[in-house]
Amino acid sequence: MERVRFAPSPTGPLHIGGLRTALFNYLYARKHNGVFILRVEDTDQNRYVEGSERYIQEALEWCGMVPDEGPYNGGEFGPYRQSERKSIYLEYIRVLLENEKAYYAFDSTEELSNARAWAEQKGHAFRYGAHNRLQFVNSLTLSNEEIEERKKGDYVIRLKVDPGPMVSVFDEIRGAVAVSTEELDDKILMKSDGMPTYHFANVVDDHLMQISCVIRGEEWLPSLPHHQLLYDAFQWQCPKFMHLPLILKPSGKGKLSKRDGEKEGFPVFPLQWKESIGYKEKGFLPESMVNYLALLGWNSGTEDELFSLAELEKRFSVSGVQKGGARFDYEKARWINHQHLQKKSSEDLLQFGEFQMALKDFTSAQQLMIVALIKERLYTLDDVYEEVRLFISPYPFDDKALEKILPKNPLLVLEEVQKVIASGVPAEALKEVLLEWATKQSLGVGVVMQSLRIALVGKLSGPDLFAIITVLGNSVSLRRIENAITYINLKQKS
Ligand code: GLU
């Protein structure tokens, strides 16, 4: 049974990189009929942010990725918040201490910063490890009585990295990587506040929760040798590891950051967080979010790019995950959203608040007609109001466009349209009748259409003109034409 976990730290909102990690875990679980777990890694009390955990759960739910096990869904392997698993970590750190795979360290912050400064002065990076651990204040250098005495104060517990052969780790995407133990420090496993560090809690929990494949961002790859050493120290079998490629800035240079979104005007969070709006509020469908994120580092091996979550669950495969960074492309995300919007029926679209608000003053028949007319022009639900606006009111007129057609005598056209509509010609036949008349008058089709369009909707863009007349109905259309005639007359006088 494959078991995977998404293990965010509740240090703020989930950003799109984190959501992409969650998605790949979710897809892996579904593809293998496995279990998708949410584990909250909240052992760093200094970085804990209120509301963040709830936000993460809500973002997953919005995308349709409800965890099978987690703090909100329960499960047999809980608790699923690391802060509630303190006694478990104590039990396991004891095992490492007894087997001399870990040791107490009592060095003060000052002693450590002096040692760091000294190393840096000599031109190397400071590392607390096999080469210098006997120069520090720890249980390897003190007598038993001193250790007991020191344990009454502050201390940490460190992993004892023994010098020796290389540590080989295996990543499902990158293959084997070997790291020299000389490069590895004696990582802190338990902090002075009695909480485990990420590395320790992560390995203990992945083992106890029977995680079969660890899927996370590439930034955790450098930690893998330490994790491997911990598995070895416990004589536990390692899970598989899969480190997902970085998400790069739109320029392709460097890692995508929150600031890139602010600079270029795209959201970096799935849902609103404080004053930063998310993809949801920006008018993205959850299926588009999921579809776009899946393409950030994975491809189906075909030309296909549009998938629902259910399709992704079937099509996802580890072999389609790329090694190289994936460039973030907001325009592509919008295009994907546009495509998913096209797949929705008018009835489904009318369920969205954006449509309900914009169309509240129209009859249901009009609503259905308007949705059908503007659908293909929508990239996000945010565009709805702008597209509906012309049905609500033609004002303000686009004066620039109007000035351009004034010399072509739009009044002649509008007065003729008034006559034709009033004579009872139905909207479907209007076009033909007008064009016939235009030919007789030696008027270009352009003048007729542009004059009528400006009069009806105030600008030169928008859906099919005669469809607009059908939606508005004869009396509203006639009123708008009348008003436009008055406006043009005033304009010509001034
Ligand atoms: N808590 C880590 C994070 O916030 C999880 C890394 C992992 O999945 O091992 O990204």
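No experiment lies behind these values; they were computed from the predicted model shown.

The rules behind these values
- Position labels on residues start from 1 in each chain and follow its written sequence.
- Given that this is a predicted model, residues contribute local features only at a pLDDT of at least 70 and side-chain atom pairs are listed and counted only at 80 or more, while totals for whole chains, interfaces and linings are drawn from all residues.
- In computing side-chain values, all of the structure's heavy atoms are included and hydrogens and water are not.
- In this text, near means that some heavy atom of the residue lies within 4 Å of the molecule or strand in question.
- What qualifies as a polar contact is a pair of N or O atoms within 3.5 Å, subject to a donor-acceptor requirement within protein and to the restriction that residues adjacent in sequence count only when both atoms come from side chains.
- Residue exposure ignores everything except the shown protein chains as possible cover, and the areas themselves are Shrake-Rupley values with a 1.4 Å probe.
- Three residue categories are used. Nonpolar comprises Ala, Val, Leu, Ile, Met, Phe, Trp, Tyr, Cys and Pro, charged comprises Asp, Glu, Lys and Arg, and polar comprises the others, including Gly.
- Here a helix means four or more residues in a row that DSSP labels H or I, a strand means two or more in a row labelled E, and each is numbered from the N terminus.
- For each residue, the accessible area found with a 1.4 Å probe, counting protein chains only, is set against the maximum for its type, and the residue is called buried under 20%, exposed over 50%, and partly exposed in between.
- A pair of Phe, Tyr and Trp rings is counted when the ring centres sit within 6.5 Å of each other, with Trp represented by its six-membered ring. The angle between the planes then sorts it: under 30 degrees is stacked, over 60 is edge-to-face, the rest tilted.
- Put simply, a salt bridge is a Lys or Arg side-chain nitrogen that is within 4 Å of an Asp or Glu carboxyl oxygen.

1. Topic: the site of the ligand
- Inspection of the region around the ligand gives R5, A7, P8, S9, E41, Y198, N202, R216 and W220 as its neighbouring residues.
- A distance of 2.8 Å separates a nitrogen atom of the ligand from a polar backbone atom of A7.
- Here an oxygen atom of the ligand and a side-chain polar atom of R216 are 2.9 Å apart.
- Relative to its unbound accessible area of 300 Å², the ligand is 83% covered by the protein chains.
- Partitioning the shell around the ligand into residue classes produces 4 nonpolar, 2 polar and 3 charged.

2. Notes on unusual backbone geometry
- Following G78, the chain continues to P79 via a peptide bond in cis, the omega torsion being -5°.
- For the bond from Y395 to P396, the omega torsion is -5°, close enough to zero to count as cis.
- Residue position: P396 is located in the loop between α15 (384–392) and α16 (399–405).
- Located in the positive-phi region is E100, a residue other than glycine, with phi close to 55°.
- Considering the arrangement of structural elements, one finds E100 in the loop between α3 (86–98) and β3 (102–105).
- Even without a glycine there, the phi angle at S442 is positive, about 55°.
- Within the secondary structure, S442 is located in the loop between α18 (427–440) and α19 (445–457).
- On the basis of relative accessibility, which here comes to 66%, the residue S442 falls in the exposed class.

3. Brief notes about helix α7 (residues 224–234)
- Among the 11 residues in α7, 10 count as buried, and that is most of the element.
- Of all the residues in α7, the buried ones are L224, P225, H226, H227, Q228, L229, L230, Y231, A233 and F234.
- The first or second residue beyond α7 is Q235, which carries a positive phi of 55°.

4. Here's the deal with the packing of aromatic side chains
- Applying the stated rule across the entire model yields 24 aromatic pairs.
- Pairing F126 with F136 gives two aromatic rings, centres 6.1 Å apart and planes at 75°, and the pair type is edge-to-face. Of this pair, F126 sits in the loop between α4 (109–121) and α5 (144–150) while F136 sits in the loop between α4 and α5, and the two are 10 residues apart along the sequence.
- Judged by its relative accessible area of 11%, F136 falls in the buried class.
- The interplanar angle of 85° and the centroid separation of 5.4 Å between the aromatic rings of Y395 and F397 together place this pair among those described as edge-to-face.

5. Some points on the pattern of salt bridges
- One pass over the structure, following the stated rule, counts 31 salt bridges.
- R81 is paired through a salt bridge with E53; the nearest N and O atoms lie 2.7 Å apart. With a gap of 28 residues between them, R81 in the loop between α2 (52–63) and α3 and E53 in helix α2 connect regions that are remote in the sequence. Residue R81 shares its accessibility class with E53, and that shared class is buried.
- A salt bridge links D171 to R174, with the shortest nitrogen-to-oxygen separation between them at 3.6 Å.
- Taking relative accessible area as the criterion, D171 reaches 1% and is therefore assigned buried.
- Taken together, the shared-partner salt bridges in this structure form one network comprising R5, R39, E41, R85, D205 and D206.

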